[in-house]
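What follows is the residue order along each chain.
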Amino acid sequence: MNNNQLEKNLFSIKPLLNSSLSILVDSLSAVFLIVIAIVSLCVTMFSWKYLEVYKAHSPRRFYPFLMLLFFSSVGVVIVKDLFFFILFWEVMTLSSWFLVIFEGEKREALRGGLQYFIATHIATAFLILSAVILYSYSNDFNFTAISKSLSDILKGNFLLSHFILFSLSLAFLTKAGVLPFGFWLPNAYPQPPSSASSFFGGVMSKLAVYALLRFFLSVIPLSPYTQSWGFIIATAGVFSIFIGTIAALTQDEAKRLMSFHAIGQVGYMLLGIGAGLYFMSLNQFVGITALTGGLLHLLNNSMYKSLLFLNAGSIYYKTGTTDLDRISGLIRVMPLTTMTALVGSLSIAGVPPFNGFVSKLIIFESSIGAAKVSETLLLIKGAFIVFGIISVFISAITLASFLKFFNSSFMGKMKLTYVERGNVHWSMTLSQIILALICLITGLFPIISLKLTYNAITSAVNLSLPNFSEIFVTSFFGFGINFCKNCSEGGVWFPIFVIFSVFILSLLIFSFERYAQAPKREVETWYGGKEHSPEEVTYTGHSFYQPFKEMVSFRIGKIQFKGLYPVGLPSFKLSMPSWIKKFLNPDDWFYYPFANKVRLVFISIEQIYEKLSKKYIAWLVLGSILVGVLVFHLSGGKP
C-alpha cells in the first residue's frame, strides 16, 4: 500500500562503516511521533513546578537527561539504519538510567538503577549480536538491505533464522518490560520523579513495541518463522497480562502499582500484535484487525498511563508520599486532579466510553475471532480463545486495582495536614487535563484513532491488504468489525448512543429527586459513641482485597511470592573494588565537574562583558564630550 513518506539521507559514515544516518517518517513513525510530542509536552509542563519538591537535588541533574531522552526517542522511531537505531537506542537507555538514579542517595533508587542497567544492556548485547550477524550477510546496515539478506537466511538456515528472531525479540521484550524479562521494571519505574516515570510508562516502554512492529512488519519478511514467533509473542503477552495485573492488585504504593500495570498493559499490545503476526498469512482480516488493535491499545495506553503517573506525582506534591495507606480524601483539595485520575482509572480498566475499551474490544474480538480461521489447528484456535477469555477476566482485575487506587487516594476523610501544603500548580493540572480529554475524546470518537493506526500498520506491511472500509464498518459515531469479506460484523460499538442514554437516565433521576424535595441533613459519622481520628477509621489501601491478596501470596523455599510475583529473592553480598564504585557514579567524576567548568566559563564571559560594557560606556561619554568641544571650537564659539 502506497503512503506518503518522508525519507532523507542526512550523512554517511561509509568510509568507516557501510552505514548512514537515513530517516524515514511513514504513517507508523508518525503515530509514535504524535505520542512523543503530546507526552513530552505534558511531562515538561508538569516538571516545571513539580521538581520543587526535590529541594535537595538540582534541576541540572534532571532536565538535560530528560531532553536527551526526548531527542533519542524521536531518533529511534525515524531512523532506517540499524547502526544508528542501536545508537539512539543506547542513548535512550543511558539517559533514562540517569533519571532512575536521580535520587542517588536512596538505596531503592540505586538498586532499581542497577537492575535496569544490567537487564537492558544484556538485552542490547543480543540486539548488537543480531546486528553483527545481519551485517555479515548484507554488508549494509540499511533496513532494506537487511530485509533482503534476511529473506535468504530464512529460506536456507533454520537455526540461524530462529536465533536472529530470538535475539531481536529478547532485546525488545526486555525493554518493553514483558515478563519474565521485565523483572526490573517494578523496581526502576517508581524511582525517578513522577514526570519522568510518566514518560517511561507512556512512551519509552512503547518504543520497544514500535521496534517489534517495525522489524516484524517491515524488515523481516513474512514467513512461517514470523508466524511461530507471533504465537510466542502473544503467549508472552498473556503471561504478562496475568502476572503483572495480579501483582499490581497487591501493591500499596501508587507508582509501584502503576509500574506493574505497565507490565500488564503492554501484554495486551503484544497479544494483539502476536495474533496479527500469526494470522496475517492465514486470514488477513483477522491478522490486520489484531495488529490494528494492538497498536491502537498502545496509542491509548500512552495517554492514560502517562496521566496516571502524573496523578501520582500530584499526590506526592500535595502529601509528600504515594503510600496508599497514608493518604485519603484528596478530592476536597484537588478536585480537578481527582477528575483526571478517575478518567485515567476508567480508561486503563477498559470501561466504556473511554479509549481503553475500544482497543481492548478489538483485541478480544481478534483473539476470539481465531475460531473463524479454518486453516488454523484446533489447538491454536483454542489457545487464542483462552487468551481472549483471560484478557477479559484481567480487565476486571484492573478495574479492581484502580478502584483501590482512586478510593484510597481521593475518597474518604481528608487528613488535615494536607491543607497546610500549597495546591497543585496550574501547569501540573493543565497537563493532566490535556491527557484526560484525549482519553475521553478518542473513546467517544474512536474512528479518528482507528483510521490512524490502521494506516500505520498498512504502511509498514509490504502486502496488498483489504481496505479499511472492508474490515471496519464505520461511521463518525462508532464502528463494527468484519472478520471476512462480505460477512456480518463481529461486534458493533456506538459510544455516543451509550453516553446519550446515560445522560437521559441521569437527568431523569436528578429530576425525580428535585421533584420529590426530600429533606436532607448533614451529620457527623457515628462511630458507636466514641470519637475517632480519621486515621483510625480510614479504609486503607492495604485493606482492599485482603483475602484475594492472601490467596495469591505464598512462599516456595526461600522465595516469597506476592501476587504471584517473586519479591523475597535470596540476597547475596557483592563486593566491588572502589574504582568500579567510582565508575558507576559518573555524577562525581564527570557530570558535576563538567557542569561546574561550563558554569565558570559563562561567569568569566559575563564578567568580561560587564567590564567591556562599562569601558565602552565611559569611552562613549568621553567621546561625546570631545566631539562637542571640537564642534564648539570649530564654530568659533558660536552656538
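Structure shown above.
Overview of the structure. (Residues numbered from 1 in each chain as written. Predicted model: local features only at pLDDT ≥ 70, side-chain atom pairs only at ≥ 80, totals over all residues. Heavy atoms only, no water.)

What follows deals with the pattern of salt bridges. For the structure on display, the rule yields five salt bridges. Across the salt bridge formed by lysine 49 and glutamate 52, the nearest N and O atoms sit 3.3 Å from each other. For lysine 49, a relative accessible area of 21% translates into the label partly exposed. Between lysine 404 and aspartate 252 there is a salt bridge, and its shortest N-O distance comes to 3.1 Å. Taken together, the positions of lysine 404 in helix α14 (residues 378-410) and aspartate 252 in the loop between α9 (224-249) and α10 (254-279) put the pair 152 residues apart, joining distant regions of the chain. Accessibility classification places lysine 404 together with aspartate 252 in one group, the buried group. (Salt bridge = Lys/Arg side-chain N within 4 Å of Asp/Glu carboxyl O. Buried < 20%, exposed > 50% of the residue type's maximum accessible area, 1.4 Å probe, protein only. Helix = DSSP H or I, 4+ residues; strand = E, 2+ residues; numbered from the N terminus.)

Attention shifts here to the nonpolar core. Formed by 179 residues in total, the largest nonpolar core has its most connected members in Leu82, Phe85, Phe172 and Phe405. A per-element tally of this core places helix α11 (residues 284-319) first, with 18 residues. When sequence neighbours within four positions are dropped, the list of residues in contact with phenylalanine 405 reads Ala254, Met258, Leu308, Asn311, Ile315, Leu324, Ala341, Ser345 and Phe410. (Core = buried A, V, L, I, M, F, W, Y, C linked by side-chain atoms within 4.5 Å. Contact = heavy atoms within 4.5 Å.)

So, about the packing of aromatic side chains. One pass over the full model with this rule turns up 44 aromatic pairs. Their ring planes at 45 degrees and their centres at 6.0 Å tell us that phenylalanine 158 and tyrosine 225 sit as a pair that is tilted. Here phenylalanine 158 is found in helix α6 (residues 158-176), whereas its partner tyrosine 225 is found in helix α9, with 67 residues between them in sequence. Ring geometry for tyrosine 189 and phenylalanine 200: centres 5.5 Å apart, planes at 55 degrees, overall tilted. Taken together, the residues tyrosine 189 in the loop between α7 (185-188) and α8 (194-219) and phenylalanine 200 in helix α8 connect sequence positions eleven residues apart. Comparing tyrosine 189 with phenylalanine 200 shows no difference in burial state: the two are buried. Three or more aromatic residues joined by ring pairs form one cluster here, namely Phe46, Tyr50, Tyr54, Phe62, Tyr63, Phe102 and Tyr316. (Phe/Tyr/Trp six-rings, centres within 6.5 Å; stacked < 30°, edge-to-face > 60°.)

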